[in-house]
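Summary of the model geometry
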Amino acid sequence: MKFRRKQTEELELNLTPLIDVVFLLLIFFMVSTTFQKESEISLQLPKSTDDPVETSPEKYEIVVNASGSYFINDTELVNTDIETLRQALFDLTNGQRDIPITIRADAQTPHQSVVTAMDAAAQLGLSRLSIATSHSP
């Protein structure tokens, strides 16, 4: 008996589809990865103490009520124009720019009235503004 050897094809591993899949995975991870540089700010926070704070005896306060009327140190202004408010602030501060001003507004005060008070102070160069709130029980 004579066995004939069948001719078989040589087995060959084709790497082209494997390389395609690896490149697709590489592209997917490159596109889906986010490169984000987070900035950090180093802060030194103030410490609180129980010592009483010395406050200046001069109290400069702008109060805005619910109707948008302005009161400077409990004196009502004649109208709500920014020119009137600016002139009253200038008269109160005598042109000094480093005087602290507190703005106190009613809970129902229109936001524009508070912004107008801040704008009038900024036009005079007053930069030490603070906004006061009331604590309701």
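Look up: the structure comes first, before these words.
Keep in mind that this is a model prediction, so the values were computed, not measured.

Some details on helix α2 (residues 82–93)
Here α2 spans 16 Å end to end across 12 residues, near enough to the 16 Å set by a 1.5 Å rise per residue. Close packing links the buried residues of α2 with β1 (61–64), β2 (70–72), β4 (101–105) and α3 (111–123). Immediately beyond the C-terminal end of α2, within one or two residues, lies N94, with a positive phi of roughly 55°.

Structural notes on the packing of aromatic side chains
Across all of its chains, the model carries 1 aromatic pair by this definition. Measuring from centroid to centroid gives 5.4 Å for F28 and F29, while their planes differ by 65°, and the two rings are edge-to-face.

A closer look at the pattern of salt bridges
Oppositely charged side chains may form a pair once their charged atoms are brought near each other. Taken as a whole, this structure holds 2 salt bridges when the rule is applied. A salt bridge links E61 to R104; the shortest N-O distance between them is 2.9 Å. Here R104 lies in strand β4 and E61 lies in strand β1, a separation of 43 residues in the sequence. The exposure class of E61 is buried, given its relative accessible area of 10%. Exposure remark for R104: the relative accessible area of 29% places this residue in the partly exposed category. One salt bridge connects E83 with R86, and the closest N-O pair in it is separated by 2.0 Å. Residue E83 and its partner R86 are both found in helix α2; the two are separated by 3 residues, about one turn of the helix.

Examining the nonpolar core
If you look at the biggest cluster of nonpolar residues, it comprises 18 residues, and the most contacted ones within it are I62, Y70, I72, L85, L89 and I101. The set of elements that each furnish at least two residues to this core consists of β1, β2, α2, β4 and α3. Considering every element that reaches this core, the biggest residue donor is α3, with 4 residues. Setting aside chain neighbours within four positions, we find I101 in contact with Y60, I62, L89, T93, L126, R128, L129 and S130.

What to know about the sheet that holds strand β5 (residues 129–132)
Strands sit in the order β3-β2-β1-β4-β5 across an open sheet of 5 strands; the sheet is mixed. Two strands bound the open sheet, and with one partner strand each, they are β3 (75–76) and β5. As judged from the 4 bridges shared by β4 and β5, these two strands associate in the parallel manner. Within β5, the residue paired with I103 across the bridge is I131. Against the sheet, α2 contacts β1, β2 and β4, and its axis sits at roughly 10° relative to β2. Seen against the sheet, α3 touches β1, β2, β4 and β5 and runs at an angle of roughly 170° to β4.

Here we look at α3
One full turn of an α-helix is made of 3.6 residues, so residues set three or four places apart face in the same direction. Taking 1.5 Å per residue as the helical rise, α3 with its 13 residues ought to reach 18 Å, and the 18 Å between its terminal C-alpha atoms agrees with that figure. Residues of α3 that are buried: S113, V114, T116, A117, A120 and A121. The arc enclosing the buried residues of α3, seen along the axis, measures out at 160°, which places them on a common side. Turned more than 90 degrees away from the buried face of α3 sit H111 and Q112, all of them exposed. The secondary structure elements touched by the buried residues of α3 are β1, β2, α2, β4 and β5.

Reading guide: rules and limits
- Throughout, a residue's number is its position along its own chain's written sequence, starting from 1.
- For this predicted model, a pLDDT threshold of at least 70 governs which residues receive local features, and a threshold of 80 or more governs which side-chain atom pairs are given and counted, while totals over whole chains, interfaces and linings are taken from all residues.
- Heavy atoms from the whole structure form the basis of all side-chain values; hydrogens and water molecules are not counted.
- Elements are defined by DSSP. Helices are runs of H or I of four residues or more, strands are runs of E of two residues or more, and each kind is numbered from the N terminus.
- One fewer than the residue count of a helix, multiplied by 1.5 Å, yields its expected span.
- The contact criterion used is simple: two residues touch if any of their non-hydrogen atoms lie within 4.5 Å.
- Here a pair means two rings of Phe, Tyr or Trp (six-membered ring of Trp) with centres within 6.5 Å. Their orientation is stacked below 30 degrees between planes, edge-to-face above 60, and tilted elsewhere.
- Counted as salt bridges are all cases of a side-chain nitrogen of Lys or Arg within 4 Å of a carboxyl oxygen of Asp or Glu.
- Accessibility here uses a 1.4 Å probe with only protein chains present; expressed as a share of the type maximum, an area under 20% marks a residue as buried, one over 50% as exposed, and anything in between as partly exposed.
- In plain words, nonpolar cores are sets of buried Ala, Val, Leu, Ile, Met, Phe, Trp, Tyr and Cys residues tied together by side-chain atoms within 4.5 Å.
- Strands are treated as partners if at least two bridges between them are detected by DSSP.
- Convention adopted: a line fitted to C-alpha atoms gives each axis, helices being fitted over their contacting stretch, and angles between N-to-C directions are expressed from 0 to 180 degrees.
- Think of it as the arc spanned by the lines of direction from the helix axis to the C-beta atoms.

Fair warning: the whole summary comes from geometry, so function is off the table for now.
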